[in-house]
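# Structural features, examined
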Amino acid sequence: GKSHEEREPITRFKQYLRFNTAHPNPNYTAPVSFLISQAQSIGLQFKTLEFVPNKPILLLTWPGSDPSLPSILLNSHLDSVPAEPDKWSHPPFSAFHSPETGQIFARGSQDDKCIAIQYLEAIRNLILVKNFKPIRTVHVSCVPDEEIGGFDGMAKFVESNEFRELNVGFVMDEGQASTNDDFRVFYADRSPWHLIIRAKGAPGHGSRMFDNGAMENLMKSVEMITKFRESQFDVVKAGRAANSEVISVNPVYLKAGIPSPTGFVMNMQPSEAKAGFDVRLPPTADPDLIRRRIAEEWAPAIRNMSYEIIEKGPIRDYKGRPLMTLTDDSNPWWSVFKQAVTSAGGKLGKPEILASTTDARYMRQLGIPALGFSPMANTPILLHDHNEFLKDTVFLKGVEVYESVISSLSSFVEPSG
Ligand code: MET
Ligand SMILES: [Zn+2]
Ligand SMILES: [Zn+2]
């Protein structure tokens, strides 16, 4: 059996997982109070910033001995995507802990409540057990609304004086689980667009065949988009690129038809139809090419189509460069990070582009190097999925890895001269 001490980090993880932070109505107040009480018990400084009412940003600070050096920021988000409880084997905010397998089931267990608690547990051990003193100041930020684009969260934070005053030199943010022994590390995210295409057309009797109906117009577009999607996916299936290195265009909704009390009117062809797509662009993709394709092929005005592209955040940094952090010897942070993972007994896979998107893009936009990392090896990738879980042993190993990473990053002083 495990000692009481060993179980405590798990207890705190489960407590944090039990706050219902799912959109569209995430509870931010309770988890922020909980994290503040954790920070107080370790002796960290804390403050909350509210750039938008009821969207708190929690900032915890562990002052370094040389506050003139750029600081380290460890970021995570407070919010979660929704869950469909009926489709889960345990309620998504119960943090059910299986005594047989050690799996802890909860929405947010992988994405990304694990890292918030791991950061704090690692810092707790460094302060209370190892009596470690950082040279650089270490900040932990817990931000709202990442899952809906971060506009009222990280996007506001990075524009603030409070952020500038932190003088952040290097950022760690969330990554993704690994299904093998290696940990994964991410140097860039794909940029998300929401694409909505609308078709208009002649209405008519359900029995009639005619040209240019709204459904026909929309479905022609859906076919073309499907072909494009297949062309990208074929590159992945042929092993010539990773999922995250191609452009994905996935249909997420279809809306058409004339509602009736029992469903839809079946003998009328509607005059309007629309479809929504989640589009993700790798950092080096040319957004203008895809914009042109949308205008000319996917939603051409000549087929009575219109469209809306909602760009969810920046795609280039302040100098117009793709949002990427270097993972070679020219970036000293990379070497320090890599060495720290290795010395904790971890193995790192080849640095990757993240298929999804994180708040790290807002900091990369400022030119600050940021790596995505969630130390979960031998774990199925369950973010945004049913029955999201993390094993207790994997969680605890992650705490050890962060102890090494945080102590190394905060001790790193660039050789002078
Ligand atoms: C609309 S921004 C997207 C944020 C979310 N983490 C995702 O990758 O889907
Ligand atoms: Zn996340
Ligand atoms: Zn997510």
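Treat the numbers as computed from the prediction; the structure is a model and nothing was measured.

### Some words on the sheet that holds strand S5 (residues 103–105)
- Pairing within the open sheet is antiparallel, and its 3 strands lie in the order S4-S5-S19. Single-partner strands in this sheet number two, and they are strand S4 (96–97) and strand S19 (389–391).
- Of the strand pairs in this sheet, S4 and S5 are connected by 2 bridges, and their pairing is antiparallel. Counterpart to phenylalanine 96 in the pairing with S5 is phenylalanine 105.
- Contacts from helix H10 (residues 392–411) reach S5 and S19, with the element oriented near 70° to S19.

### A word on the packing of helix H3 (residues 113–129) against H10
- Contact geometry for H3 and H10: axes closest at 8 Å, N-to-C directions at 60°. Taken together, the axes of H3 and H10 lie oblique to each other. In this structure, H3 meets H10 at a crossing whose hand is right-handed. Along the contact surface, H3 presents Cys114, Gln118, Tyr119, Glu121, Ala122, Ile123, Asn125 and Leu126, while H10 presents Phe395, Gly398, Val399, Tyr402, Glu403, Ile406 and Ser407.
- Residue classes in the contact of H3 with H10 are distributed as 9 nonpolar, 4 polar and 2 charged.

### A short note on the domain arrangement of the protein chain
- Partitioning the protein chain into structural domains gives domain 1 (4–185 + 327–411) and domain 2 (191–311).
- Here domain 1 and domain 2 have C-alpha centroids that lie 36 Å from each other.
- Contacts between the two partners involve 5 residues from domain 1, matched on the other side by 9 residues from domain 2.
- Along the lines of polarity and charge, the residues of the side of domain 1 that touches domain 2 split into 3 nonpolar, 1 polar and 1 charged.

### Details of the nonpolar core
- Within the largest apolar cluster, 78 residues are counted, with the highest numbers of intra-cluster contacts made by Ala116, Tyr119, Val171, Phe337, Leu371, Val405 and Ile406.
- Here this core takes 9 residues from H3, the largest share from any one element.
- Setting aside chain neighbours within four positions, we find valine 405 in contact with Phe337, Ala340 and Val341.
- Judged by nonpolar contacts, the second largest core, of 20 residues, contains Ala199, Ile294, Met305 and Tyr307.

### Remarks on the UniProt feature "binding site: Zn(2+) 1" (unreviewed entry) in the protein chain
- Within the UniProt annotation, "binding site: Zn(2+) 1" (unreviewed entry) is assigned to His77, Asp111 and Glu174. Separation in sequence by 98 residues is not matched in space for these annotated residues, since their most distant C-alpha atoms are only 8.6 Å apart.
- Its place among the elements puts aspartate 111 in the loop between S5 and H3.
- Accessibility expressed as a C-beta count within 10 Å gives 28 for aspartate 111, which makes it buried.
- When sequence neighbours within four positions are dropped, the list of residues in contact with aspartate 111 reads Glu174, Leu383 and His384.
- Considering the arrangement of structural elements, one finds glutamate 174 in the loop between strand S7 (168–173) and strand S8 (186–189).
- Assessed through the 24 C-beta atoms surrounding it within 10 Å, glutamate 174 is described here as buried.

### So, the sheet that holds strand S9 (residues 191–200)
- Across the sheet, which stays open at both edges, the 4 strands sit in the order S11-S15-S9-S16 with antiparallel pairing between neighbours. Both outer strands of the open sheet, strand S11 (248–256) and strand S16 (305–311), are each paired with one neighbouring strand and no more. Across this sheet, the average inter-strand angle for adjacent strands is 20°, counted without regard to direction.
- Direction of pairing for S9 relative to strand S15 (residues 272–281): antiparallel, over a ladder of 10 bridges. Across the sheet, residue alanine 199 finds its bridge partner in S15, namely alanine 273.
- Across the sheet, helix H6 (residues 214–237) touches S9, S11, S15 and S16, and the angle it forms with S15 is around 15°.

About the criteria used
Residues numbered from 1 in each chain as written. Chains lettered and ligands numbered in written order. Predicted model: local features only at pLDDT ≥ 70, side-chain atom pairs only at ≥ 80, totals over all residues. Pairing = 2+ DSSP bridges. Helix = DSSP H or I, 4+ residues; strand = E, 2+ residues; numbered from the N terminus. Contact = placed C-beta atoms within 7 Å. Axes fitted to C-alpha atoms, helices over the stretch in contact; angles between N-to-C directions. Parallel < 35°, antiparallel > 145°, perpendicular 65-115°, else oblique. Left-handed = near helix turned anticlockwise from the far one by under 90°. Nonpolar A, V, L, I, M, F, W, Y, C, P; charged D, E, K, R; others polar. Domains from an automatic or database assignment. Core = buried A, V, L, I, M, F, W, Y, C linked by C-beta atoms within 7 Å. Buried ≥ 20, exposed ≤ 12 C-beta atoms within 10 Å, placed from the backbone. UniProt positions renumbered as here; feature names shortened; annotations may be inferred.

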